[in-house]
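# Breakdown of the fold
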Amino acid sequence: MGQSNVNLAALIGSRICHDLISPIGAINNGLELLGMSDGRDGPEIDLISESVENASARIRYFRIAYGAASNTEMGRAEVVSILNDTSRGGRMTLAYGPLDGQPRWAIRMAFLAIQCLESSMPYGGRVEVNRDAHGWSVTGFSQKTNADPALWDLLKGAEVADLAPAHVQFALLSAVAGDAGRTVETEITPDLLRIRF
């Protein structure tokens, strides 16, 4: 996937997320007004509210992971907020290490790496994102991992044959890393998965 294709895909991702966030926000505002106007409460409203919050969190996450990247800095508070909202109520816990702001392109790669780990940790677990002088590492800890070797080979630049939409993050992370002049390294054990870039 060449740089122009990656950029085009990122712009498409940004556009979709931008267009979806407004109606999701409007639904949430409507629910709040409904709750204030007649005091209606119940499991139906709770379910709708929870679904709207989940959709909003995922769109914020996808906007970074699949949207256009830049050197614009993202603060720690924003990154942690997105990760916390995305993992709330799920099987994964996420810990983000860097204390200072980081460029959006690096956060994008970290978010894609998190999705690679999530798809290889079907029973859940813990994911830690760290940065040091050597680069970034995204590490998943689980009692049982299920890393498909063909997918993980994509991270190291293997050719894409027949890729399911649920696994697009593997091919995209490899392409984005290549465009950024970065090499992706992986480590796979029965209870640990690590992606470095």
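Summarised in this report is the structure supplied together with it. As the structure is a prediction and not an experimental result, all values here were calculated from the model.

### Overview of the pattern of salt bridges
Inspection of the entire model under this criterion finds 5 salt bridges. Linking R60 and D85 is a salt bridge whose minimum nitrogen-to-oxygen distance equals 2.8 Å. Here D85 lies in helix α3 (residues 76–87) and R60 lies in helix α2 (residues 43–65), a separation of 25 residues in the sequence. With relative accessibility at 23%, the residue D85 sits in the partly exposed group. One salt bridge connects E187 with R194, and the closest N-O pair in it is separated by 2.9 Å. Among the residues examined, R194 registers a relative accessible area of 18% and is labelled buried. Several salt bridges converge on common partners, so that one network encompasses R60, D85 and R88.

### Looking at the nonpolar core
If you look at the biggest cluster of nonpolar residues, it comprises 40 residues, and the most contacted ones within it are F111, I114, V138, W152, I195 and F197. For this core, the leading source of residues is helix α4 (residues 104–119), giving 10 residues. Residue contacts for V138: discarding those within four places in its chain leaves A110, A113, I114, L117, V127, E128, V129, L193, R194, I195 and F197. Within the second largest apolar cluster, 5 residues are counted, among which are I24, L31, I45 and V52.

Criteria and cut-off values
Residues numbered from 1 in each chain as written. Predicted model: local features only at pLDDT ≥ 70, side-chain atom pairs only at ≥ 80, totals over all residues. Heavy atoms only, no water. Salt bridge = Lys/Arg side-chain N within 4 Å of Asp/Glu carboxyl O. Helix = DSSP H or I, 4+ residues; strand = E, 2+ residues; numbered from the N terminus. Buried < 20%, exposed > 50% of the residue type's maximum accessible area, 1.4 Å probe, protein only. Core = buried A, V, L, I, M, F, W, Y, C linked by side-chain atoms within 4.5 Å. Contact = heavy atoms within 4.5 Å.

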